[in-house]
Amino acid sequence: MLLFDKKNNLIKDLNRTRILKYIWDNAPIDRAKVSKELGLSRTTLTIVAKELIENKILEETGYGDSTREGGKKPILLNFRDDLGFIIGITVGIKKIKVTLGNIKAQFLNELETDRAADEKPEETLKKISSLIKKLDVYKTGKILGIGIGIPGIIDHINGIVKFSPNLKGWENVKVKKYIEDEFPGTRCYIDRETNLQIFAEKWFGQINSKNFITIETGIGIGIGIIINDMIYRGNNDAAGEFGHTTIVPQGSECDCGNYGCWETVATVRSFINKARNGIEKGTRTKLPDYYIGGILTFESIVNAHLEGDEFSKEILEEYAYWLGVGIANIVNVFDPELIIIYGSASQLGDMGIKIIKNTIASNALPWVKRNIEVKYSRFGKEARITGAFGLVIKNILSIPDEYII
Ligand SMILES: [Zn+2]
């Protein structure tokens, strides 16, 4: 009997989840359309919608168009405007960002503050708390939840940063507990920032692929993995550390202590060094004209390339090539249908995509007929905050991990 009840509850929860997510994607929408699109009976829709209206999650907002056959105009359902607000937070090496949004994941306000590279976790958490208190909504409105993206190895169930190679001294930091103690009655959710990125792509980016990879490029390399529509986390929440796979045996020393990691050949730092060495050796280049504030940056190289500097073009082509070498390895492991790139490499434009695709074609196993799409993210830097909002919304809608679409 118990099993029967459980089964029934499970179906009810799953239907409720599907209905909520569908309304979230398509609101305002009428009941008949939802039941038709999801293949659910009108009765199921009536029961679930009634429950969601009674629980003050949905409301009836006006009328839609009547059907071609005429008849009564259908009543439209939408999320309530007064449902409350969501706070999305990202903790970077140098910056903490606190963004206010609504149930539709629209950005309303953003506050940020600096953090020192060696800042202790307690200090950073205090800063987060004081930024939240500065938001007007803290005094006047209802906070539905707080979502936080942090680099590192995260226990997302218990909200603990197990370890973060990028945030010095962050080991076993109970972020969720701290925030929930500071703001009683408010739920806090945390996840690895690359997981929030890929989650944002899946939820908000209308990605139909079931198997795809996101790659964050820049100072380091971080990857997000979705396999069969689920975020792949690994056995220790540590999956995705692809930046530290060996690409050049006996290559240069990496921050992790090994040699020749992908990060030593495919991050902006190595190409800024290459450009500087070239300039010192007297290579013909316009690069010195592009120093920004006396400093050679990755943007300087991109700008010089756009102005026709050959040396800068070679450097960027090499960057794209080394990215392609690592991506070809990822392709061999995961066989994804889509790769989405973020960060500095997005500045490589069409030239970058072409080189990466060619390198995949020549380096990944040849007998598999692949048709991999490689593209830059349409969210860019916003992906993490969007993902942090999504994390809260997913929990408000009680959507389980096994059902992220
Ligand atoms: Zn390494």
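Here, every reference points to the structure presented above.
Calculation notes
- Residues numbered from 1 in each chain as written.
- Predicted model: local features only at pLDDT ≥ 70, side-chain atom pairs only at ≥ 80, totals over all residues.
- Heavy atoms only, no water.
- Salt bridge = Lys/Arg side-chain N within 4 Å of Asp/Glu carboxyl O.
- Helix = DSSP H or I, 4+ residues; strand = E, 2+ residues; numbered from the N terminus.
- Buried < 20%, exposed > 50% of the residue type's maximum accessible area, 1.4 Å probe, protein only.
- Donors = N, O, S within 2.8 Å, 3.2 Å for Na, K, Ca; no water.
- Tetrahedral: all angles 85-135°; square planar, octahedral: opposite > 155°, others 65-115°.
- Pairing = 2+ DSSP bridges.
- Axes fitted to C-alpha atoms, helices over the stretch in contact; angles between N-to-C directions.
- Contact = heavy atoms within 4.5 Å.

If you walk through the whole model with that rule in mind, you get 23 salt bridges. One salt bridge in this structure joins Asp25 and Lys21, with 2.8 Å as the shortest N-O distance. On the criterion of helical spacing, the pair formed by Asp25 and Lys21 is a turn pair, its members being four residues apart in helix α1 (residues 2-26). A relative accessible area of 42% means that Asp25 is categorised as partly exposed.

A few words now on the coordination of the zinc ion. Coordination sphere of the zinc ion, protein contribution only: His244 (ND1), Cys254 (SG), Cys256 (SG) and Cys261 (SG), at 2.1 to 2.3 Å. Around the zinc ion, the four donor atoms sit at angles spanning 103 to 124 degrees, and that spread fits a shape best called tetrahedral. The sequence pattern formed by the donor residues of the zinc ion is H-x9-C-x1-C-x4-C. Within this pair, whereas His244 is found in the loop between β14 (230-231) and α8 (262-265), its partner Cys254 is found in the loop between β14 and α8, the two being separated by ten residues in sequence. Under the relative-accessibility criterion, His244 is labelled partly exposed at 27%.

On to unusual backbone geometry. Here the bond from Ala27 into Pro28 is cis, since omega is -5 degrees, no more than 30 degrees from zero. Relative to the helices and strands, Pro28 resides in the loop between α1 and β1 (29-30). At Lys56, a residue that is not glycine, the phi angle is positive and equals roughly 60 degrees. Checked against the element boundaries, Lys56 lands in the loop between α3 (42-54) and β2 (58-63).

Here the focus is the sheet that holds strand β4 (residues 85-91). Through backbone hydrogen bonds, the strands of a sheet pair up, either in parallel or in antiparallel fashion. The strand order across the open sheet built from five strands is β6-β5-β4-β7-β11, with neighbouring strands paired in mixed fashion. Among the strands making up the open sheet, the edge pair consists of β6 (107-114) and β11 (188-192). Each adjacent strand pair in this sheet contributes to an overall mean axis angle of 15 degrees, direction not counted. Sheet topology places strand β7 (residues 143-150) next to β11; five bridges connect them, and they run parallel. Residue pairing across strands places Gly147 opposite Tyr189, the latter belonging to β11. Its contacts with the sheet place helix α7 (residues 193-204) against β4, β7 and β11, and it is angled at close to 95 degrees to β11.

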